[in-house]
There are 2 protein chains.
Amino acid sequence: MLISKSQIKLITGLQQKKYRDKYGLFVAEGPKVISELIQSGMIPEMFFASETLSVAGSSAILITPGELQKISMLKTANNSLAVFKTPKVSPIQTRGLIVALDAIRDPGNLGTIIRLCDWFGVSQLVCSTDTVDCYNPKVIQATMGSIARVQVNYTNLSEFIQQSDLEVFGAVMSGETVYECKLPSEGILVMGNEANGISVALEQQLNHRITIPRFGELQATESLNVATATGILLSEFRRLTGK
Amino acid sequence: MLISKSQIKLITGLQQKKYRDKYGLFVAEGPKVISELIQSGMIPEMFFASETLSVAGSSAILITPGELQKISMLKTANNSLAVFKTPKVSPIQTRGLIVALDAIRDPGNLGTIIRLCDWFGVSQLVCSTDTVDCYNPKVIQATMGSIARVQVNYTNLSEFIQQSDLEVFGAVMSGETVYECKLPSEGILVMGNEANGISVALEQQLNHRITIPRFGELQATESLNVATATGILLSEFRRLTGK
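All of these numbers come straight from a predicted model, not from anything done at the bench. (Residues numbered from 1 in each chain as written. Chains lettered and ligands numbered in written order. Predicted model: local features only at pLDDT ≥ 70, side-chain atom pairs only at ≥ 80, totals over all residues. Heavy atoms only, no water.)

Caption draft 1: Local environment of the overall build of chain A. Secondary structure summary: chain A contains nine helices and twelve strands in total. Since a compact globule built from 243 residues should have a radius of gyration of about 18 Å, the 20 Å found for chain A is in line with a globular shape. Overall size of chain A, expressed as C-alpha extent along the three principal axes, is 60 × 40 × 35 Å. Counting all 243 residues of chain A, 54% fall into the buried class. (Helix = DSSP H or I, 4+ residues; strand = E, 2+ residues; numbered from the N terminus. Rg over C-alpha atoms; globule rule 2.2 N^0.38 Å. Buried < 20%, exposed > 50% of the residue type's maximum accessible area, 1.4 Å probe, protein only.)

Shown next as structure tokens:
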């Protein structure tokens, strides 16, 4: 056995936030995500694979498919799993374009939004404390390695916005059409919870209420998915102010 | 027992495409999706719930939570499940804005794209025959009822494009920046497979190769998720030509 019982216990524990916080570790699965993290300068604390595998100078310890399945959080394990140290988070710099998430609950949505921030050059993502943990394994799988390039802070959003002097934009159901807005190169874009949108208190702190117009029939779908909406809005910010 | 063994067998069979095709039926779960389908004029062939439930004149047959779990494809069943007839698909009208999907495999992506088409008033979605089935239960759950308002055809994409006289746009990794393109109100937008993009043969049929520019560092995420990219491109088409 090249993986010990205590390692198995530690790794499966990391599916829970309290153990990720306690040990300052998180899990990534599959060669694609693992190699993106390693290439971004992260060094795996542990690295296991069910076949011979070496990524950018890090070699995996060979274990059986059964052992890999035991430590995997996937229904069907990929061929590899690595454990990384949670990077230190720097204090938020209130400049540039910042995305702020209010109570996003779905790990897939958060992962997709991190990937979108990476694509559109948004290096800071600020989350309310009740947003899903960015080191949740499902988030890590959805980010495809972007987590290494986007800084994610958890804080009281209302206080953060109050202390910042950036203009604050929020995505709402009936605001100004985003295509007609003057979007700046610096600012905060607030995206709300999947079911309830931006909380009432936070909505009062917005300087601009913006909306992606609907072009379908009146009875069309009642809202866009929050990750899709974030993508469209970031595209608009960058179209108007980007290089 | 208000649900028979043969009904249980039929409904669980509908998780597989061959039985959906054989019986011309599909399954939707949860009051939100079911009510959107009923409100769009679809009539449930069967409608079960584990609590008293009536939607727009259709009343569910009350069954036990255990029975509902047995017929559900969800890990944890919602409170209701309905079976609908697969609607007849009309022939494709080669006018307006049409989205064409080349070998999309992930049900969540297809569901999100159907919802996006609904939002942006795209009433026709044309899929290659190897795209995931739009009546797959995971697709139905992700569409949130939009499946009732977007017509989905499966066909040979290459032949369809050849026979149409619409301009053909395709999302590629290094094409013309979409923000600088003249996008028409009518045309075909081709989106490619999650891993491989648009197939080589189909790429040769494109009139315009368009790209969502990346604003992050060089090492940023290698591509956008196909559903997110579809959302951004549809937003651009409608921004330029919409009402």
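Caption draft 2: Spatial organisation of the nonpolar core. Counting residues in hydrophobic clusters, the biggest one holds 108 residues, and the most contacted among them are A:Leu125, A:Ile212, B:Leu125 and B:Ile212. Apart from residues no more than four positions distant in its own chain, B:Ile212 is found in contact with A:Trp119, A:Phe120, B:Val178, B:Tyr179, B:Leu224, B:Ala229, B:Ile232 and B:Leu233. Membership of the second largest hydrophobic core comes to 15 residues, among which are A:Ile3, A:Val27, A:Leu68 and A:Ala77. (Core = buried A, V, L, I, M, F, W, Y, C linked by side-chain atoms within 4.5 Å. Contact = heavy atoms within 4.5 Å.)

Caption draft 3: Main features of the packing of helix α5 (residues 107-119) of chain B against helix α9 (residues 226-241) of chain B. All names here are of chain B. With their axes 9 Å apart at the nearest point, α5 and α9 run at an angle of 15° to one another. On the basis of their axis angle, the class for α5 and α9 is roughly parallel. Relative to α9, the crossing made by α5 is right-handed. Counted together, Asn109, Thr112, Ile113, Leu116 and Cys117 of α5 and Val226, Ala227, Thr230, Gly231 and Leu234 of α9 form the full contact between these two elements. Its residues assigned to classes, the contact of α5 with α9 comprises six nonpolar, four polar and no charged. (Axes fitted to C-alpha atoms, helices over the stretch in contact; angles between N-to-C directions. Parallel < 35°, antiparallel > 145°, perpendicular 65-115°, else oblique. Left-handed = near helix turned anticlockwise from the far one by under 90°. Nonpolar A, V, L, I, M, F, W, Y, C, P; charged D, E, K, R; others polar.)

Caption draft 4: Representation of the relation of the copies chain A and chain B in the model. When chain A is brought onto chain B, the operation consists of a screw motion whose angular component is 180° and whose axial shift is 0.0 Å, with 0.0 Å RMSD remaining. Here the transformation between the copies is reduced to the relation of a two-fold axis. With an isologous cut-off of 70% or more, the 100% of interface residues of chain A that recur at the interface of chain B puts this contact in the isologous class. (Least-squares fit on C-alpha atoms with pLDDT ≥ 70 in both.)

Caption draft 5: Here's a closer look at the pairing of strand β7 (residues 97-101) of chain A. Residues and elements named next belong to chain A. Counting buried positions along β7 gives five out of five residues, so the element sits mostly inside the fold. Because side chains alternate across β7, one face comprises the buried residues Leu97, Val99 and Leu101, and the other comprises Ile98 and Ala100, equally buried. As judged from the five bridges shared by β7 and strand β11 (residues 187-191), these two strands associate in the parallel manner. Within the sheet, the bridge partner assigned to Val99 lies in β11 and is Leu189. Where β7 meets strand β8 (residues 124-128), four bridges bridge the pair, whose relative direction is parallel. Directly across from Leu101, in β8, lies its bridge partner Cys127. Crossover handedness for the path β7 to helix α5 (residues 107-119) to β8: right-handed. (Pairing = 2+ DSSP bridges. Right-handed = clockwise from strand over helix to strand, strands pointing away.)

Caption draft 6: Main features of the environment of A:Leu125. Residues and elements named next belong to chain A. Turning to its location among the elements, Leu125 is positioned in strand β8. Taking the C-alpha atoms as reference points, Leu125 and Ile98, separated by 27 residues in sequence, lie 6.0 Å from one another. Apart from the residues lying within four places of it in its own chain, the contact partners of Leu125 are Val99, Leu101, Leu110, Ile113, Ile114, Cys117, Val150, Gln151, Val152 and Asn153.

Caption draft 7: Examining the pattern of salt bridges more closely. Evaluation of the coordinates by the stated rule reveals 18 salt bridges over all chains. A salt bridge links A:Arg239 to A:Glu236, with the nearest nitrogen and oxygen atoms 2.8 Å apart. A residue pair is termed a helical-turn pair when its members lie 3 or 4 positions apart in one helix, as A:Arg239 and A:Glu236 do in helix α9 (residues 226-241) at three residues. Residues joined in a network through salt bridges with shared partners are A:Glu236, A:Arg239, B:Glu236 and B:Arg239. (Salt bridge = Lys/Arg side-chain N within 4 Å of Asp/Glu carboxyl O.)

Caption draft 8: Structural detail: the sheet that holds strand β11 (residues 187-191) of chain B. All names here are of chain B. The parallel open sheet is built from six strands, whose spatial order is β9-β8-β7-β11-β10-β12. The open sheet has two free edges, formed respectively by β9 (151-155) and β12 (208-211), since each of these has just one partner strand. The average undirected angle you get between the axes of adjacent strands in this sheet is 35°. Here five bridges tie strand β10 (residues 168-177) to β12, and the two strands are oriented parallel to one another. Within β12, the position partnered with Gly170 by the bridge is Arg209. This element, α5, spans β7 (97-101), β8 (124-128) and β9 of the sheet and lies at about 155° to β8.

Caption draft 9: Spatial organisation of the interface of chain A and chain B. Taken together, the contacts link 35 residues of chain A with 35 residues of chain B. Across the chain A/chain B interface, buried area totals approximately 3300 Å², and carbon plus sulfur atoms make up 59% of it. Across the chain A-chain B interface, the total number found is two salt bridges. Inspection of the chain A/chain B interface yields eight residue pairs in polar contact (both at pLDDT 80 or more). Going through the elements one at a time, α3 (31-39), α5 and α9 of chain A are the ones with two or more residues in the side of chain A that touches chain B. Ranked by residues supplied to the side of chain A that touches chain B, first place goes to α9(A) with seven residues. A breakdown of the residues in the side of chain A that touches chain B according to their chemical character gives eleven nonpolar, 13 polar and eleven charged. (Buried area = accessible area lost by both parts, 1.4 Å probe. Polar contact = N/O pair within 3.5 Å; in protein donor to acceptor, adjacent residues only side chain to side chain.)

Caption draft 10: View of the packing of aromatic side chains. Counted according to the given criterion, the structure contains ten aromatic pairs over all chains. Through pairs of rings, three or more aromatic residues link up here, namely A:Phe26, A:Phe84 and A:Tyr135. (Phe/Tyr/Trp six-rings, centres within 6.5 Å; stacked < 30°, edge-to-face > 60°.)

Caption draft 11: Main features of α3(A). All names here are of chain A. Buried residues of α3: Val33, Ile34, Ser35, Glu36, Leu37 and Ile38, and no others. Buried-residue contacts for α3 involve β1 (25-29), β2 (44-49), β3 (54-55), β4 (58-59), β6 (80-85) and α6 (137-143). Gly41 sits one or two positions beyond α3 and adopts a positive phi of about 100°.

Such coordinate-based values are descriptive only and should not be taken to indicate function.
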